[in-house]
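# Geometric and topological summary
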Amino acid sequence: MHVRRLSLALAPALLAAAGCLHFDTLEEPVKIATHAQDWREAVIYQVLIDRFDDGDDGNNYLLDRENMARYHGGDWIGLENRLDYIQELGVNTLWISPVIKNIETDANVDGYHGYWAVDLTQPNAHFGNLDDLRSLVRAAHERDMLVVIDIVANHMGQLFFYDMNLNGVPDILLQGTGTRPQGTPVPPGFDQSGFTHITEYDPDFNPLGIQAFTSLGPAGPAPIVFPYDPKSGHVTPMPPIFQNPEIYNRRGRTFNYDDPQQLLTGDFPGGLKDVNTTRCDVKQAFVDSYARWIELTDADGFRIDTVKHVEREFWRYFTQRVRQRLAAQGKTQFFMFGEAFDGRDDLVGSFTKNDLPSDAELARENSCDDGPKLTGDQLDSAFYFPQHYQVFRDVFQDAASTDRIANLWANKTVNYGTVAPKDSAGIPPYKALVNFIDNHDVARFLYFARQRVDNDPAFAGKSLRDKELRLRAMLQNALLMLMTAEGVPCLYYGTELEYRGGNDPSNREDMWRPYPYLGESAAPPAFDTTGPTFVFTKKLIEYRKKLAALRRGDTKVVWSTTRTGDETDAGIFAFERAGGEAGNNYVLVVFNTNQNHDSRTQFDGATMTVSAPAGAVLVDVLGGNKKYTVGAGGVLDLTLPPVSGMLLVPQQDV
Amino acid sequence: MRRDLRPLLSLAVAFLGAAVSPAAAAQSPAAPPTTSQPTASTPPVTPAETEPAPEDSSAVGPEAPPDAVPATTAAPPPEAPPPTPVPEPKPTKPAAPHPHDPNSPPGLADGFHFGSYGRVIAGGDSTGRAGRNGDIVARGSRLDEANYAELELRREDYWKSTGAYTRIVATTAFATPIFHYNGQFSAALAIRNLYLEVRNAGVKGLSFWAGSRMYRGDDIYLLDFWPLDNLNTIGGGVGYTFKTGTELKFHAGLNQPTDPYYRQTILRPPAYNQFGAAEVAILDRQKLVSSIKLSHVWPVGESGGVKGILYGELHYVPEGQREVESKVYESVPRDKGFVGGAQVGAFTGKRSTYVNLTARFASGLAAYGELNAPRQLRPDRLTTGAYELLVTLSGNWERGPFGLLMGSYYRQFRNASRSLDWDDLNEGIVIVRPQVWFAKIAGVAFEASYQAQQRGVATEDAPNLFKPVFAQMGRFGLIPFITPGGPGAFQRPHIRLIYLLTVRDAATRSFYPADDVFARRGVDHFIGVGAEWWFGSTSYFR
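Looking up chain B in an unreviewed UniProt entry gives the name Carbohydrate porin, with the organism given as Nannocystis punicea.

Labelled according to an unreviewed UniProt entry, chain A appears under the name alpha-amylase, originating from Nannocystis punicea. As recorded by UniProt, the Catalytic activity (unreviewed entry) comment attached to chain A reads in full: "Endohydrolysis of (1->4)-alpha-D-glucosidic linkages in polysaccharides containing three or more (1->4)-alpha-linked D-glucose units." One UniProt comment on chain A, placed under Sequence similarities (unreviewed entry), says "Belongs to the glycosyl hydrolase 13 family."

What follows covers the overall build of chain A. For chain A, the helix and strand inventory stands at 17 helices and 28 strands. Computed over the C-alpha atoms, the radius of gyration of chain A is 27 Å, within 12% of the 26 Å expected from 2.2 N^0.38 for a compact globule of 654 residues. In terms of its C-alpha atoms, chain A occupies a principal-axis envelope of roughly 90 × 85 × 60 Å. In chain A, buried positions account for 52% of the 654 residues. Long-range contacts, defined here as pairs at least 24 residues apart, represent 73% of the contacts in chain A between residues at least 6 apart.

Time to look at the pairing of strand S12 (residues 217–221) of chain A. One face of the sheet, then the other: side chains in a regular strand alternate in exactly this way. Residues and elements named next belong to chain A. With 0 of 5 residues buried, S12 is to be regarded as a mostly surface element. Here strand S11 (residues 211–214) pairs with S12 via 3 bridges, running antiparallel. Residue Thr214 lies in a different strand from S12, and its bridge partner there is Gly217. Here S11 hands over to S12 after 2 residues, the two strands then running antiparallel side by side.

We now examine the sheet that holds strand S25 (residues 617–620) of chain A. Residues and elements named next belong to chain A. Overall, antiparallel pairing links the 6 strands, which are arranged S19-S20-S21-S28-S25-S26 in an open sheet. Each of the sheet's edge strands pairs with one partner strand only, and the pair in question is strand S19 (554–559) and strand S26 (626–629). For this sheet the average axis-to-axis angle between neighbouring strands, irrespective of direction, equals 25°.

Okay, the confidence of the model for chain A next. In the predicted model, chain A carries a mean pLDDT of 93, and 94% of its residues have values of at least 70. Confidence drops under a pLDDT of 50 for residues 11–18 of chain A, and excluding neighbours within four residues, the segment shows 9 contacts in the predicted structure.

Another aspect to go through is the nonpolar core. Core analysis: the biggest nonpolar cluster contains 170 residues, and Ile44 and Val587 of chain A have the highest contact counts within it. Ranked by size, the runner-up nonpolar core spans 37 residues in total, among them Trp226, Tyr410, Ile429 and Phe511 of chain B.

Calculation rules
- Residue positions are counted from 1 within each chain, in the order its sequence is given.
- Ligands are numbered from 1 and chains lettered from A, in the order in which they are written.
- In view of the model being predicted, local features appear only for residues whose pLDDT reaches at least 70, and side-chain atom pairs are presented and counted only at 80 or more, with totals across whole chains, interfaces and linings using the full set of residues.
- UniProt positions are given in the numbering used here, feature names are shortened, and annotations may be inferred rather than shown by experiment.
- Secondary structure elements are defined from DSSP: runs of H or I of at least 4 residues count as helices, runs of E of at least 2 residues count as strands, and each element is numbered from the N terminus.
- This radius of gyration counts C-alpha atoms alone. The globule rule is 2.2 Å times how many residues there are, raised to the power 0.38.
- Our exposure labels follow a C-beta count within 10 Å of each residue's own C-beta, placed from the backbone: buried means 20 or more other C-beta atoms, exposed means 12 or fewer, and partly exposed covers the counts in between.
- Note on contacts: each residue gets a C-beta atom placed from the backbone, and two residues are in contact if those atoms are within 7 Å.
- A pair of strands counts as paired when DSSP detects no fewer than two bridges linking them.
- Lines fitted to the C-alpha atoms define the axes, with helices restricted to the stretch that makes contact. Angles between their N-to-C directions range from 0 to 180 degrees.
- Values of pLDDT, which run from 0 to 100, indicate the predictor's confidence residue by residue.
- In plain words, the nonpolar core is the set of buried Ala, Val, Leu, Ile, Met, Phe, Trp, Tyr and Cys residues that C-beta atoms within 7 Å link up.

Written out as structure tokens, the structure reads:
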């Protein structure tokens, strides 16, 4: 004992003599606090960490920057190093890739995106360590920026395979001679087998659970095998509950998303193992695991992946327990928005509603723990996928009729929650939907817009530059919609630099390797802040910050049309943002989404009327501050060139 | 002016011995012994990690063990604490060394010589597992070091017409494993020295050399460590010994460690429509390493002295380019690094008693060591910001049948990347080896070391409160030996038995991979038998 004391005394003395190793953020506990006030003030910037910037060579492991499906080296320090750039753009909220340890690689694809969890307790070392993550969050907060962490609760990574042929190794099975198409009846007199292709990591859904078989026939439920291969990151899942085969649904890959059973209990394509999220222990594990990351970092919200693949009861439990746990430590206004990759508005909205189950069901759900009684509260908001399809794709890319925008928005109060969940961010979900043009799961706006322009007869024979300038106009019109529509705008990194990649993973380009700007042939410097779309986006965000109506005003559509042809108002869409919590602030936004001709806010003798009083002078702050005077009765007849927009602000507010 | 430093040295050694022993003894959170093998990689330490040599201490040289003969007339090792100011090598055939003192420098210009260093050990842990280095610090106890041997062939000539003399040195080195261990008829063989040195080249005291050379100064025997200067390059140097005994050395050399940082080859079609593919070096840059060293010895008393050294290095790689995908190139920037260091030592000139204190700071490219490629760079691919700070203290004291050998260092290493990570560390060790000789031919040594290390990894000390992991380890060895050459800490050869007890704390165990036996054992026992020798090699004199 005496010797031990001497040892303990000597050790610190030895280090103190020459200085200790010191982490910037780890040696003081993080005091979590509320940094958000009103999430409608937020302009989210979605960052795929691996692709944003490589700030730390120390975490570069097995990079392959020429392959879009492999790690490229971006990290949290890289993002922190670029906060000046982000702040210059004007966004004030960072949505970062999942932070937890992933399967390293599977089928020659890496877990660079972060959605292949293997250990919910450890950071993804490719992105940095906890010190780096804390440093990022702290640096963001010092700039009045918020940080949203991406999480997944539907599935884990490719943790195990189904040993369907009972040989103990993961196979890709090719069975049968293939002389008879699979599923077709055996012709009389023939006995050839069909051709079957099965991968034991990702077999098709079977409601009975994945079954084993041998050459002699069925052999019962297929055992699942957790391979142990540290090199590929197939290691012991953590926390320990995820080592228990019983917590997985083990039914194989979802292929029919309209089948509720497949949707909720099937593995996510790619061999991502579906977790039984109706189990109490699973619910608690996810709450503990993910709330801990907020407690460790003081981040401000969750973007939640694949919510439609998880039961409502899970979301009730998860969202309420997370809010309660964080609020007890001083963090309120915690924002959780979910991703349902689906165009059905009612489905997407259903996760934001107060969804109170039957008393019996609620009692069962409440039996999980002794916490406050669960209510019907779910998510604070949703990723507004229906708008992505019906507005940004159909109208702003494909010039479909603008009435679909009005119709979609008109259903917000029907399809989305209208009451803020208790202890939540405090805003009714329908007023805080997260608007986006594109994201990491869909092709970038410019990718399909280019196809549209290339196929447009009006552009036949036009130069590449002419086409690309049209593309820019289309993108900037979409950006005007993004930054002025009610809700929380979310900008996918690179959009401001006119990135134009196709579907995943082509849409996950490196920020340090920009494209040439549209109409040009040489690429600008990385993180350039002088490009036309960067400047345009920055300007929009400045107006959004300046004009309360754009953040908190109610929405009133004052013109939409079913017409898309030669009609005078084809492509016109106009809405006002005013009232609500915006005081007297007023903004009118007008678009011409028609791609062929000028259009005006007038058709067949009817002219657009607005709420601004007669005689009011509105200034188009995006159009050289050109002034327009509201006529008697609020009439305002505007003519817009094809693919253009106006942001009209009362003269006194400019 | 002359002072007897022996009391001071004794005091220093006694203090260090007292400070270390209890600390080392404190490590014993017992853990159940298990089985398995692993590796806790250690980052580069100033001498290249792959560089396996060991060897003598600064006290070796003309200063002889009690019953050895006096030094020959050959140039005494400037790195060693010589008993007198450095004498000139005499351009005549020197007196033959004492037949019983194979470690004394051989005479010059007397033809072919053979020298060697070697250590061979057979041993394992108490469960029969193969032994392996159990230290957590980069340079720790060498009792469980792997086998290694150098065979040196040397030609010495005196050229009467010019008054110069020359030395051609060829040293081959063998690393483990050995055929009799694994049955593989092969060897890990390296050519280390391969150089020609000319002394009194036109001007008395002026020397030149060129070739491949282990170029280094004083070591810490117990740690197998040359803390101030240890370079391995192919190049050349010039030295001049002033009449005052002050010596100035300059050297410049090249190397190209096998690493994509230095060299990238690509397959290209051969010229003139020839078949096949030719390998073309797209990136092919070498590292220039140059050093300058100024040393002087001030005599104290009859045989003692104080030695001072100022030392510096420059490391430089030119810019280049490499192919990142077919016909797409990226440039790699030039980079550089510097070393500044100093050593002060004192010796009694009797029985190898000495003490050396060194301090060394390496920055940028030089911080990564001389045979390493830098890792974990800044975003601009430079090593700026990387550094290594090293402070060492070592010494030896002998009186009567007793001796006390010690070594210690503290080291900080930070790579160039901003974030702290596994390779960023602070570490230190204090190691002492008291020994007693009896019957002139035998002895027993005890060795105790305390080592501690912090790496750039943290553990959750309390909820939401993290601290750098602080690992501590103690090692205790018992080494009975036979010393045919008689007593003396640096007297070799030895045949010895080794028992080494290792005590690891939980933090130390956490540094090893899962299921590594070192990750599971709090206490370990190593038992071995081995031999160590050195004689007549330029590794011990220059």
